[in-house]
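# Structure at a glance
The lines below spell out each chain.
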Amino acid sequence: MHLAIADPPYPPFIGAGGRKNRASRWYGSGQRSQKDHPADFHPDAHLWDDPAHHRALLESLMMVYDGWAIATSPDGIHAYDPLPAACRTLVWVRPNANPGSHHILTTWEAVILYPPAGRRSNRNGAGVVRDVLTCNVPRGGFSGTKPPEWTAWVLKAMSYRPGDTVVDLFGGSGAVTDELLPL
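Below or above, wherever it landed, is the structure these notes cover. Owing to the predicted nature of the structure, the values given are computational and were not obtained by experimental measurement.

### Quick notes on the environment of R161
Residue placement: R161 occurs in the loop between α3 (148-157) and β8 (165-168). A residue is classified by how much of its surface remains accessible, and R161, at 35% relative accessible area, is partly exposed. Between the alpha carbons of R161 and M1 there is a distance of 8.5 Å; along the sequence they are 160 residues apart.

Structural data, given as structure tokens:
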């Protein structure tokens, strides 16, 4: 099986306070506060401030991969609509999430999961995977890094097996590759 994990810059937040472009803020040359600690600089980060770019990612994943997962914010799920019927939405609960500028502290992130055909049922011995993972956000290092527990959970949800190919489409911290080594 050919699998992919995508953790792109999250879609823009569009709410009562206006539009907040996350990609150019955290990965490009967009406006930041003095408290922001941006990740690596990417000259094309602004492309991800367009919800259509996220939809194009999903369509590309559908054409190229047998199964895939996309990490996104709770308010970013709709940038990928309409989702294929076989998709599931998983939830990563982050007890140590940093407060943002919003009144409500967001302590979870979404994972849109498209399991490979033939591995969507527990009948073939794939095992049961919970749709909620609770673990802390890693501190220090690369901004946006997912913890090893997150990567193992997503791989298990995709029914990863030795011999499968896994592509990390946004390999900033190397966390996906690190997690594949012990499996």
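Additional details are given in the paragraphs that follow.
### Side note on the nonpolar core
Ranked by internal contacts, the top residues of the largest apolar core, which has 20 residues, are W92, V111, W150, W153, V154 and M158. Of all the secondary structure elements, the ones that give two or more residues to this core are β1 (2-6), β4 (67-72), β5 (88-93), β6 (108-114) and α3. Element by element, the count of residues in this core is highest for α3, at five residues. In this structure, W92 is in contact with T107, W108, E109, L133, C135, N136, V137, K146, P147, W150 and W153, ignoring residues within four places of it in sequence. In terms of nonpolar packing, the next biggest core, distinct from the first, is built from 16 residues, A4, Y65, Y80 and I112 among them.

### Digging into the pairing of β6
Extensive coverage of β6 is indicated by the burial of six of its seven residues. Note: β4 against β6, five bridges, orientation antiparallel. Considered in β6, the bridge of A69 is made with L113.

### Some thoughts on the side chain of T72
Topologically, T72 is positioned in strand β4. The class for T72 is buried, based on a relative accessible area of 0%. Excluding residues within four positions of it along the chain, T72 makes contact with Y10, P11, I77, Y80, E109, A110 and I112.

What counts as what
Residues numbered from 1 in each chain as written. Predicted model: local features only at pLDDT ≥ 70, side-chain atom pairs only at ≥ 80, totals over all residues. Heavy atoms only, no water. Helix = DSSP H or I, 4+ residues; strand = E, 2+ residues; numbered from the N terminus. Buried < 20%, exposed > 50% of the residue type's maximum accessible area, 1.4 Å probe, protein only. Core = buried A, V, L, I, M, F, W, Y, C linked by side-chain atoms within 4.5 Å. Contact = heavy atoms within 4.5 Å. Pairing = 2+ DSSP bridges.

Everything listed is a geometric property; what it means functionally is a separate question.
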